Every structure is written in C-alpha cells, then in structure tokens.
Amino acid sequence: MKIEIRQELIIFLAMYLVLLILPLFLYKDAYVIGILITCMVWGAMASVWNFTMGYAGIFTFGQFGFFVVAAYTSGMVTKYLGISPWLGILIGGLMAAVVGVLIGLPCMKLKGAYIALITFALHLVVAPMIKVADPLGTGGSTGLMSIPKLSLGAYTFSRTDLIPWYYTALVISFLVLLVVYKTIFSSVGLGFIGLRDSEDFAKTLGINEYKYKLLVFGLSAFLTGIMGGFYAHYAGIISPRLLGLDIFLLVMLMMIIGGMGIFPGAFLGGFIILFLNEFLRPLEAYRFLIFGAIVIVAIKLMPEGILGHLNIFKNRMGKRLLGRAAEVETTRGQNI
Amino acid sequence: MASTANTNSKDERVGAQAPILQVRNLSKAFGAMLAVNDLSFEIPAGEVFGIAGPNGAGKTTVFNLITGFLQGTGEVRFEDKNVTNLKPYQICHRGIARTLQIPQIFSTLDVFSNVRFGAHFGNKHLKDGNEAEIIHRALDFVGLQDDKTAIAENMDLFHKKLIMIAAALATQPRLLLLDEPIGGLSPAEIDPLIKLIRKINQEWNITVIIIEHLMKVLKELSHRLMILHYGEEIRTGPPAEVMEDEKVKEVYLG
C-alpha cells in the first residue's frame, strides 16, 4: 500500500518540531515564550476559521463568539462548581459546538454575505449578554477574574513559569490542527470542498448538504471553543474586550497572510502577524498605520498568502476565495 | 457489466418493459408563469427518452422537479415508489443521477476526486473496498483514466462534461438525466459523446432521459421523443413521427 505524505503534513510537523525545541534556547525569555503561547492560541483559532472559510467556503464571522462562549463556560464551571479545568475546557468546547449548531441552523439556506451577517450577529450579541448576565457571575464588563489555573497531579501551573503553559498550548493546538488536517483530507473534507466548489453538483451526487454544513459549524465551533477554554485558564481573566475589533482583525489577517484555503497557512500567519505586532509596538499610535500599510503591500504582492505564493501546493486547493466566489456567482441561477 | 450485442440500432423491445419512471400531473409555477403545466409521461426501463422544445419550454424545470431541486405539484414515481419532493441527495440514493446544463465540477479537486465524490456520497450501500473499483470503472468507461490526477478546472468543456458523467455513473444509477450534454461541443466531439451515451444505455443498462436541442442527436439516440412548449406536452412518440408532426414543426422545428 502506498503511503502518501503530503507537503501540508510535512510543513505542519516541521513547524511543531521547531516549536518543540524552541524553549531549549528561549526558556529564560518569558516575554518571547508568552508571545509564542499567544501565537499558538490565535494561530490555531485562525486555522479553524480557515477550515470553515477557506475549505468549506462558509463565510462565518462568529468564531470569536464561539471562542468567548467557551472561555466563559470553562471559566465559570471551574470557578463556581469546582470542576477540573481540563474537564472545563472540554465542556466549554461542547457548549461552543451547541451554539455553533444553533447559529448554523438559520444559515442552512443562506449563502455568502448573508451567512457572514448572521454569524457576525453572534459576535455582536455575546458582549452585551455577558454584561447583562453579571448577576449570574460573568463579571460583567470588568470581566471574569481569578479563573482557576490548570494543574497536573500535585503541580499547579503558575504565571511565573510559562514553560508548562507553553507545552500545554503546544499539545492542545497540535491536536486541534491535527483534527483540522485529518478532516480536510478525509472523505468528510471531500464533502466540504465539493460543497464549496459546486453545491449543485455535490447535491446531484448524493451529499446531504444540511448534515455536512451543520457538521462544519459544530466542529469549527468545538475546536475554536477548546482554544477559548485553554485561553481562559491561561490568562486567568477574561472580559468582553476579547470581542473587540482589533484582535478580530489580527486573526483574520493571520488567515489571509498565511494563505486562505491552504493548510497550515493560517497557523504560520499567526506567528508572522503577532511578531509583527510586537515588533511595531514601539511605534505606539502609528503602529496600526504602519501595520495596515504592510498588510496592503503583502496582499498586493502575495494575494494567495505566503504558502500560496510559494506555490508548493501546485494550486491544489489553494484557490483564492474571492475568485472562487465570483465564479460561483456567474454560474448560479442559470437554468438550474 | 452485461454487454449487449454490438449494435448501433436501438433496441425495439424496450416498450415491453415496466415503467421505471412515472410522472403524473406535474406542475410548477414561477409567479404567474406556468413553467410546467399538468405534465404526465411514463418511461419504460431501458429506454432513451428525448425531451426537446423551444427555450423556456420547461425542460430543465422538469429535471429539477424530478430530482428534488424544485418542489412542485403532481406525482413522480420511480421504480413504483413515490419519490415526489424528496431532497436531491435522497433522489440520488434512490438511483436517479443527473448532469447539469452548465457544466459544474469540483474545480479545485482532481478528476479522480470528482468521480470519487459520486462513489462515496451517492452510493449508500457501497463497501469501502469497492469504491476504488467503481471509480476506476467509471474513469475507464468515459476515457478519463489518463487525466485522473489533473485538476478539474484545467480541463476543457468536453472533458468537464465527461467528468460530470463519470461522477454520475459512480453513483451507480438506474436512471440518468442528461441536460443538454451536447451543448457547446465541436462537431468532432459530438460523435464520441453520442456513442458514450448509447453505451451507457446498452452496456450499463441505464435508462436515459436526455434534453437536447440538436434534433439529429435526438433522432439518433432516443427511442421516443417528447416535445414541450410552454410547459405542456405537444407530442410524444418515435422521433421520426414526432418530427413530421405539423404542430411540432410550427412551434419548434419551423
């Protein structure tokens, strides 16, 4: 039997190999370790977003809603009910999946921009709900504080030693990306990509499009929720500010710069964007101005993102989404 | 695969078969316009049934109603079971496959994956071991075996049509609906496609309904021909007779 080793898998594993040994050289530099943890959290989230948008072609803008719902769920069940944070992360992920399926239901008959609107409504509604639910213990607009730390046996993680957090983020984000990778290249992924390329053709060939679209919503919300749950315990404090526009745009840029529809471009994009963000920090108020300019130039020069630009995937699935959408528009509704 | 005698003539015995598809009082209105108006017809198993008519006659709408892409009134029975208003994927699982008028393929996937989609999702009772066999059989049959690793969007129109047909065959249908399979092809490409459709009918024992504008093609392929006009049946019968019909000449051929 022939075992196919995909370039996507090689890049993915190579990145994690580097991440695995990086602390050997950086363990004294808590600042950089901290940034790397953030990169893994947001990079994994961007990868899941890319899975939904780039591979399944569903324009969802509700990913931060899932992230925050899971973060609060995990934070609250562990803080108030004394449940283990590890279990809390899982419960948070499941809660996000439920919300994902619920928000997916009204999207079943919609396409493109309309799905973007409905899912962004989730993004917008979560922050006011957290504030209103202050009496339930969400912490309102100040945020949920003193979220229990992770622990392993007798050892409890602390902010003074980031290395255990680093390796936990590494394992969790690796598992999330592995699920994304496995799904993309399984028959389930074939279904997603087929529905993205031509929904009508896919339907004539016997796919239950409702089942598959709900699966995309549920799975992507669950995986995003797992990262959200981890983040809550790592940060120790979460607030509705997580739903601000700045981090939303940063994660979106990770996906675009890394290469939409190309695994694991968004994860790579996470490191590029966050380190660029740190690098430009001394510019203070001018930071976003320069940041914006760099992004515009990068998109102009490499419209398919970094991995797409390197053209190592022979254009396999790295089809630009915008070109794709335009093509769909021209063929839709013509006598079918 | 049961191979029939190597003949180009149409099998005249199909009329004796029980109907595989029965359409009764099918109607569909778009606003005030009746796209399909109280249409009834039956197709015996093994037949190639042609549908023709002017633009806007409701031909594709009939396909969309049979395959669940549109909901209408009336009844559609397949193999004596009611399949009216089932969802497209359910229709496919029952054994009805179709191609689309404007070729639609999975453009970012390779040819093999396009066909695999049909074998995997359209074939409910397929065991994994058989999947590859079904795919290769479909690829061999339409002549795409050498192009199986090519990205579908890089193929020309003729090959895109072959991809659609191969994927449809991979669902192992008993009834295949072809929506203008010849449209847009060069004369040199038309002949091989006609031969292919005949082989689908005769060698794979698949009943075929074909919408087409080229009367030469319909005359050559179909056992019976139905002419539609404003969603209504003008005439149904053997192609030679239908084409001599005065009303058909007036509304369509004239």
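Because the structure is a prediction, the values reported are computed rather than measured.

Procedures and definitions
- Throughout, residues of each chain are indexed from 1 in the direction in which the sequence is written.
- The order in which chains are written sets their letters, starting at A; the order in which ligands are written sets their numbers, starting at 1.
- Thresholds applied to this predicted model are a pLDDT of at least 70 for local features of residues and 80 or more for the giving and counting of side-chain atom pairs; totals over whole chains, interfaces and linings are not thresholded and use all residues.
- Water and hydrogen atoms were dropped before computing side-chain values, which therefore reflect all heavy atoms in the structure.
- Throughout, exposure labels follow a simple rule: accessible area from a 1.4 Å probe, protein chains only, divided by the maximum for the residue type, with under 20% read as buried, over 50% as exposed, and the rest as partly exposed.
- Helix and strand definitions here come from DSSP, where helices need a minimum of 4 consecutive H or I residues and strands a minimum of 2 consecutive E residues; each element is numbered from the N-terminal end.
- For two strands to pair, DSSP has to find at least two bridges joining them.
- The split into domains, and so the bounds of each, comes from an automatic or database assignment of domains.
- Contacts were defined at the residue level, with two residues in contact if any of their heavy atoms lie within 4.5 Å.
- By buried area we mean the combined loss of accessible area, with a 1.4 Å probe, across both parts when two parts are placed together.
- Just to be clear on terms, a salt bridge is a Lys or Arg side-chain nitrogen sitting within 4 Å of an Asp or Glu carboxyl oxygen.
- Throughout this description, a polar contact denotes any pair of N or O atoms lying within 3.5 Å of each other; where both atoms belong to protein, one of them has to be capable of donating a hydrogen while the other can accept it, and for residues adjacent in sequence the pair is counted only when both atoms sit in side chains.
- Polar here means any residue other than Ala, Val, Leu, Ile, Met, Phe, Trp, Tyr, Cys and Pro, which are nonpolar, and Asp, Glu, Lys and Arg, which are charged; Gly is therefore polar.

Turning our eyes to something else, we now look at the pairing of strand β3 (residues 48-52) of chain B. Residue and element names in this part refer to chain B. Buried residues dominate β3, accounting for 5 of its 5 residues. Where β3 meets strand β8 (residues 207-211), 4 bridges bridge the pair, whose relative direction is parallel. Of the residues in β8, the one forming a bridge with V48 is V208. One ladder, built from 4 bridges, connects β3 with strand β9 (residues 224-229); its direction is parallel.

Residues and elements named next belong to chain B. One can read the domain layout of chain B as domain 1 (14-95 + 173-253) and domain 2 (104-171). Using C-alpha coordinates to define each centre, domain 1 is positioned 24 Å away from domain 2. Counting residues at the interface gives 20 residues for domain 1, matched by 15 residues for domain 2. Summed over both partners, the interface of domain 1 with domain 2 comes to about 1500 Å²; 76% of that surface belongs to carbon and sulfur atoms. Together, H93, L196 and W204 form the three largest contributors to the area buried by domain 1 at its contact with domain 2, with a combined 39%. The tally of links between domain 1 and domain 2 comes to 0 salt bridges. Summed over the shared surface of domain 1 and domain 2, the result is 4 residue pairs in polar contact (both at pLDDT 80 or more). Put simply, the parts of the chain that give the side of domain 1 that touches domain 2 at least two residues each are α2 (88-94), β7 (175-179) and α6 (187-202). In terms of residue class, the side of domain 1 that touches domain 2 is made up of 13 nonpolar, 3 polar and 4 charged.

This part covers unusual backbone geometry. Residue A:P264 follows A:F263 across a cis peptide bond; omega there is -5°. In this fold, A:P264 is placed in the loop between α10 (245-258) and α11 (265-279). A positive phi angle is found at B:E79, which is not glycine, with a value near 50°. Tracing the sequence through the fold places B:E79 in the loop between β4 (73-78) and β5 (81-82). We classify B:E79 as partly exposed; its relative accessible area is 30%.

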